[in-house]
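Next come the chains, spelled out residue by residue.
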Number of protein chains: 2
Amino acid sequence: MNNRILQMLEQQSEGYVSGEMLSQELQISRTAVWKHIKKLESEGYLIEASRRLGYKLIGRPSKLTLPELTQQLQQKGAQLVQSVKLFDSIDSTQNIAQRLAEDGAPEGTLVIAEQQTSGRGRMGRKWVSPSGKGIYMSYILRPGIPLQFAPQLTLLTAVALCRALRSVAAPLDIGIKWPNDLLIGGKKISGILLESTAEDERLRYVVTGIGISVNLTREDYPPELHDIATSLAIELGRTLDRAEIIASFFAQFQQLYAVYLKEGFAPIKMLWEALSVSLHKPRKLLVAGGEITATPVSLNDQGALMVQSEDGTIIPIFSAEQMLQQG
Amino acid sequence: MNNRILQMLEQQSEGYVSGEMLSQELQISRTAVWKHIKKLESEGYLIEASRRLGYKLIGRPSKLTLPELTQQLQQKGAQLVQSVKLFDSIDSTQNIAQRLAEDGAPEGTLVIAEQQTSGRGRMGRKWVSPSGKGIYMSYILRPGIPLQFAPQLTLLTAVALCRALRSVAAPLDIGIKWPNDLLIGGKKISGILLESTAEDERLRYVVTGIGISVNLTREDYPPELHDIATSLAIELGRTLDRAEIIASFFAQFQQLYAVYLKEGFAPIKMLWEALSVSLHKPRKLLVAGGEITATPVSLNDQGALMVQSEDGTIIPIFSAEQMLQQG
């Protein structure tokens, strides 16, 4: 009901919607309309009420809200997400989602937090999650693919996120650094973490954590990170709507996931290579024999990065930790 | 101390060891010797005590004991196993080992139970675990290999177990059915379950569960299983020493694991193919297009089973569930 009232207020964006019309349209009493309006206000919506003219939406909350998210997800056709759990502040969306997955929660279950107190990234590193400025979320997949192909999912997720952000934050030139970091001008704006649980060759579930620096300001970054990390708002010069970004991501992901399950990795591989900033630039890498300099040239069918050394041989790189810092 | 007393009694297998000698050799009082003997008796050892002659070991317990296990592991050089947790009865060794692994327990931590109330195999199937007659154990690995190669570990584990059992239960002809069931005359004698937890392409830990039907009798099997499953004791005509089997397995596993980490999958692949009963016999398989009849011919480098269909094309099979029942 709150969703429908919100829709009707938004459609009438320049003027008022009368209480009488809301009451008739939704077949509820005027008092019930007023109660729902109060509920929306408590969620952070700014609604002006005029006895004569009715209700007018004058401000959206800066907080994520379930009605807003659900509406955006519906509008963008992201049916993959059937269950959303939204928290003000928790330790880590990955922890919550892992527990839900172990207890049998279905594919598409999504956990989002305004703030994380123990957000985590790769290799146990902390993912700093200031309240209200970023997207910190985890979702559950139950992909019927063998374990060996989980790295392909990592790459698919990066493609989905890159396409969603390039669309919502156009005209920013966002690219993928192998395997799944998104960069603008060499600075990182998001992280993706896939935690897989398998039984023999069968993936039982995959919990994907995504952190996106949406509306962080320059002041949110310590000086040592200024050349390494940035946010969409810093680069675009304006704040962005987080619910829109989340819904765009899931719409893209759902589409690419369906293609992947039907046709395999080849189409995803082409999209990844087109969006990659890692290819064709020589760099230092760590392999079994030590350090080498080699040029990434493509992905292989399993999702490993194929690199060509100075003598022409091509070998696979499996882990982001093999990419050594330049300079 | 119990271990040393046990060793000295065993060395004197035909006769008695005097209390005086034990006391002097171990530098403890006669009373302390007597207390240790009582402790060994409470663990199930049968020890005859003669005032004049001393102590004589006349029977080993049918229960697994920590001193026995530790001694066997030491004797067989299985240093991989540094921590053993032995239970009379628990829900599942996999559950315990998973919790320990998540809490940071090191590689080689081993959990064994005399009996499991909720033993599990593949696909959530129950692993029936009658008290004292089988081996039900789980151990933790932290392999520094990418996720894609976890299926190779499954095959390595099967090779290690097959070699250990062929040695301890000689001359039984034990072979491997792809990927990791051990069979005697077409009947299953063991199950192996690898549960992997990964972060992106990095395996965080692998918990391997092994169930071996050691001393089950014909009466332990319902009639519908008589053609499908058997035990080492049924096939050999005598009971076997479970501690010896466990230690033999870890000695084999440790050796093969070291070879694998150093030289890759090729040597393991050769051993697996030599022990396999799956190769070169046509069978029905389930692939994306439906049912086909094809002949397994080899493993590929990732550990998938390569099968050749009637028209000569060779394709990989990733999952044991693709092998359909014959007849």
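As annotated in an unreviewed UniProt entry, chain A carries the name Bifunctional ligase/repressor BirA and comes from Paenibacillus taihuensis. Quoted verbatim from the Function (unreviewed entry) field of UniProt, the annotation for chain A is "Acts both as a biotin--[acetyl-CoA-carboxylase] ligase and a repressor."

Moving on, we get to the overall build of chain A. A tally of helices and strands in chain A yields 9 helices and 13 strands. Expressed as lengths along the three principal axes of its C-alpha atoms, the size of chain A is roughly 80 × 45 × 35 Å. By residue count, 53% of the 327 residues in chain A fall in the buried class. Of all intrachain contacts in chain A linking residues separated by at least 6 positions in sequence, the fraction that spans at least 24 positions is 61%.

Further remarks concern the interface of chain B and chain A. The interface is formed by 27 residues belonging to chain B together with 27 residues belonging to chain A. For the pair chain B and chain A, the summed buried surface comes to about 2200 Å²; carbon and sulfur atoms form 50% of the total. In this structure, the connection of chain B to chain A is made through 4 salt bridges. Of the charged contacts in the structure, one is a salt bridge between B:Arg122 and A:Asp200, with a shortest N-O distance of 2.8 Å. The interface formed by chain B and chain A contains 12 residue pairs in polar contact (both at pLDDT 80 or more). Breaking the side of chain B that touches chain A down by element, the ones donating at least two residues are helix 6 (150-168) and strand 8 (187-199) of chain B. Per-element tally for the side of chain B that touches chain A: the top contributor is strand 8 of chain B, with 8 residues. The class makeup of the residues in the side of chain B that touches chain A is 12 nonpolar, 8 polar and 7 charged.

Taken as a whole and judged by the stated rule, the model has 14 aromatic pairs over all chains. Geometrically, the ring pair formed by A:Phe318 and B:Phe149 is edge-to-face, given 5.3 Å between the ring centres and 75 degrees between the ring planes. One end of the pair, A:Phe318, is in the segment after strand 13 (314-317); the other, B:Phe149, is in the loop between strand 5 (135-141) and helix 6, on a second chain. The exposure class of B:Phe149 is buried, given its relative accessible area of 16%. Connected via pairs of aromatic rings, a cluster forms that spans A:Tyr139, A:Phe249, A:Phe250, A:Phe253 and A:Tyr257.

Let us look at the pairing of strand 6 (residues 174-177) of chain A. All names here are of chain A. The pairing of strand 6 with strand 7 (residues 181-184) spans 4 bridges and is classified as antiparallel. Pairing of Ile174 across the sheet is with Ile184, part of strand 7. Hairpin connection from strand 6 to strand 7: 3 residues lie between these consecutive antiparallel strands.

Adjacent strands of a sheet pair through backbone hydrogen bonds, lying either parallel or antiparallel. Residues and elements named next belong to chain A. As summarised here, the arrangement of the 4 strands in space is 10-11-12-13, forming an open sheet in which the pairing is antiparallel. Each edge of the open sheet carries a strand with a single partner, namely strand 10 (283-287) and strand 13. In this sheet, adjacent strand axes meet at a mean angle of 55 degrees when their direction is disregarded. Relative to strand 11 (residues 290-299), strand 10 runs antiparallel, the two sharing 5 bridges. Within the sheet, the bridge partner assigned to Val287 lies in strand 11 and is Gly290.

Now for the UniProt feature "DNA-binding region" (unreviewed entry) in chain A. The sites that UniProt annotates as "DNA-binding region" (unreviewed entry) are residues 19-38 of chain A. Structurally, residues 19-38 of chain A is divided into 85% helix and 0% strand, and its ends, taken at the C-alpha atoms, are 13 Å apart.

Before going further, it helps to spend a moment on the relation of the copies chain B and chain A. Note on the copies: chain B fits chain A at an RMSD of 0.1 Å, the axial shift is 0.0 Å, and the rotation between them is 180 degrees. Such a turn and shift between the copies fits a two-fold axis. Distance from the rotation axis, computed per C-alpha, reaches its smallest value in chain B at B:Gln148: 2.0 Å. In this assembly, 100% of the residues forming the interface of chain B have copies in chain A that are likewise at the interface, indicating an isologous arrangement.

Our focus in this paragraph is the packing of helix 1 (residues 2-11) of chain B against helix 4 (residues 66-75) of chain B. Residue and element names in this part refer to chain B. Running from N to C, helix 1 and helix 4 point in directions that differ by 70 degrees, and their axes come no closer than 10 Å. In terms of orientation, helix 1 and helix 4 fall into the roughly perpendicular class. Contacts from Asn3, Leu6, Gln7 and Glu10 in helix 1 reach Pro67, Thr70 and Gln71 in helix 4. Of the residues contributing to the contact of helix 1 with helix 4, the split by class is 2 nonpolar, 4 polar and 1 charged.

Glancing now at the sheet that holds strand 10 (residues 283-287) of chain B. Residue and element names in this part refer to chain B. Overall, antiparallel pairing links the 4 strands, which are arranged 10-11-12-13 in an open sheet. Each of the sheet's edge strands pairs with one partner strand only, and the pair in question is strand 10 and strand 13 (314-317). The sheet shows a mean angle of 55 degrees between the axes of neighbouring strands, taken without regard to direction.

Attention now goes to the environment of B:Val17. Residue and element names in this part refer to chain B. Within the secondary structure layout, Val17 lies in the loop between helix 1 and helix 2 (19-26). In sequence terms Val17 and Lys39 are 22 residues apart; their C-alpha atoms lie 17 Å from each other. Contacts of Val17, omitting those with residues within four sequence positions, involve Met8, Leu9, Gln12, Leu22, Leu53, Gly54 and Tyr55.

Thresholds, definitions, all that
Residues numbered from 1 in each chain as written. Chains lettered and ligands numbered in written order. Predicted model: local features only at pLDDT ≥ 70, side-chain atom pairs only at ≥ 80, totals over all residues. Heavy atoms only, no water. UniProt positions renumbered as here; feature names shortened; annotations may be inferred. Helix = DSSP H or I, 4+ residues; strand = E, 2+ residues; numbered from the N terminus. Buried < 20%, exposed > 50% of the residue type's maximum accessible area, 1.4 Å probe, protein only. Contact = heavy atoms within 4.5 Å. Buried area = accessible area lost by both parts, 1.4 Å probe. Salt bridge = Lys/Arg side-chain N within 4 Å of Asp/Glu carboxyl O. Polar contact = N/O pair within 3.5 Å; in protein donor to acceptor, adjacent residues only side chain to side chain. Nonpolar A, V, L, I, M, F, W, Y, C, P; charged D, E, K, R; others polar. Phe/Tyr/Trp six-rings, centres within 6.5 Å; stacked < 30°, edge-to-face > 60°. Pairing = 2+ DSSP bridges. Axes fitted to C-alpha atoms, helices over the stretch in contact; angles between N-to-C directions. Least-squares fit on C-alpha atoms with pLDDT ≥ 70 in both. Parallel < 35°, antiparallel > 145°, perpendicular 65-115°, else oblique.

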